[in-house]
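So you can see what is in the structure, the chains are spelled out below.
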Amino acid sequence: MNSDVITQERIDELLDFLPNFEDPERKYIVGWEPPWYAVYADDVDAFFYLAGQPCWQDHNYEIDVAGKMVRDDDVVATADLEQIKTMMTFCVRGERFASGHWGVMLRKGRISALLKRLQVLRQTVPEA
């Protein structure tokens, strides 16, 4: 299977995490290591590992544009797969620039919103 192709199976891998990420009281960051690096719960690390796979990457994303997109509920609710890839890239790569970024994206419901949109788009994607 081509690692750049989004399939229902790859969507399902991400959707499996949705129930874990819908608890508003959930703590995603379990600690901090010097010099201020976030330590995440195992399922958070596992999710972002999968979300960082080639099929979810937009190598031409613009950080400012992608950041505005992911914060806009209307954009997320109507996003196509290419836009999902752009926003997913922003979410994944943001941790490189600001430790704790993943926690913010989860706590603010941005990852859940992207996953809910993927649930809708899933039926438009070919099976593996």
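Thoughts on unusual backbone geometry
Omega for the peptide link from Pro34 to Pro35 comes to -5°, which places this bond in the cis form. Structurally, the position occupied by Pro35 is in the loop between β1 (29-33) and β2 (37-40). Even without being a glycine, Trp36 presents a positive backbone phi close to 80°. Among the secondary structure elements, Trp36 is positioned in the loop between β1 and β2. On the basis of relative accessible area, Trp36 is assigned to the exposed category, the value being 67%.

Regarding the packing of aromatic side chains
For the structure on display, the rule yields seven aromatic pairs. Taking the centre distance of 5.9 Å and the plane angle of 70° together, the rings of Phe21 and Tyr28 count as edge-to-face. Here Phe21 matches Tyr28 in class, with each residue buried. Measuring from ring centre to ring centre gives 5.0 Å for Phe47 and Phe48, while their planes differ by 85°; the resulting arrangement is edge-to-face. Ring pairs connect the aromatic residues Phe17, Phe21, Tyr28, Tyr40, Phe47, Phe48 and Trp102, which therefore count as one cluster.

What counts and how
- Residues numbered from 1 in each chain as written.
- Predicted model: local features only at pLDDT ≥ 70, side-chain atom pairs only at ≥ 80, totals over all residues.
- Heavy atoms only, no water.
- Helix = DSSP H or I, 4+ residues; strand = E, 2+ residues; numbered from the N terminus.
- Buried < 20%, exposed > 50% of the residue type's maximum accessible area, 1.4 Å probe, protein only.
- Phe/Tyr/Trp six-rings, centres within 6.5 Å; stacked < 30°, edge-to-face > 60°.

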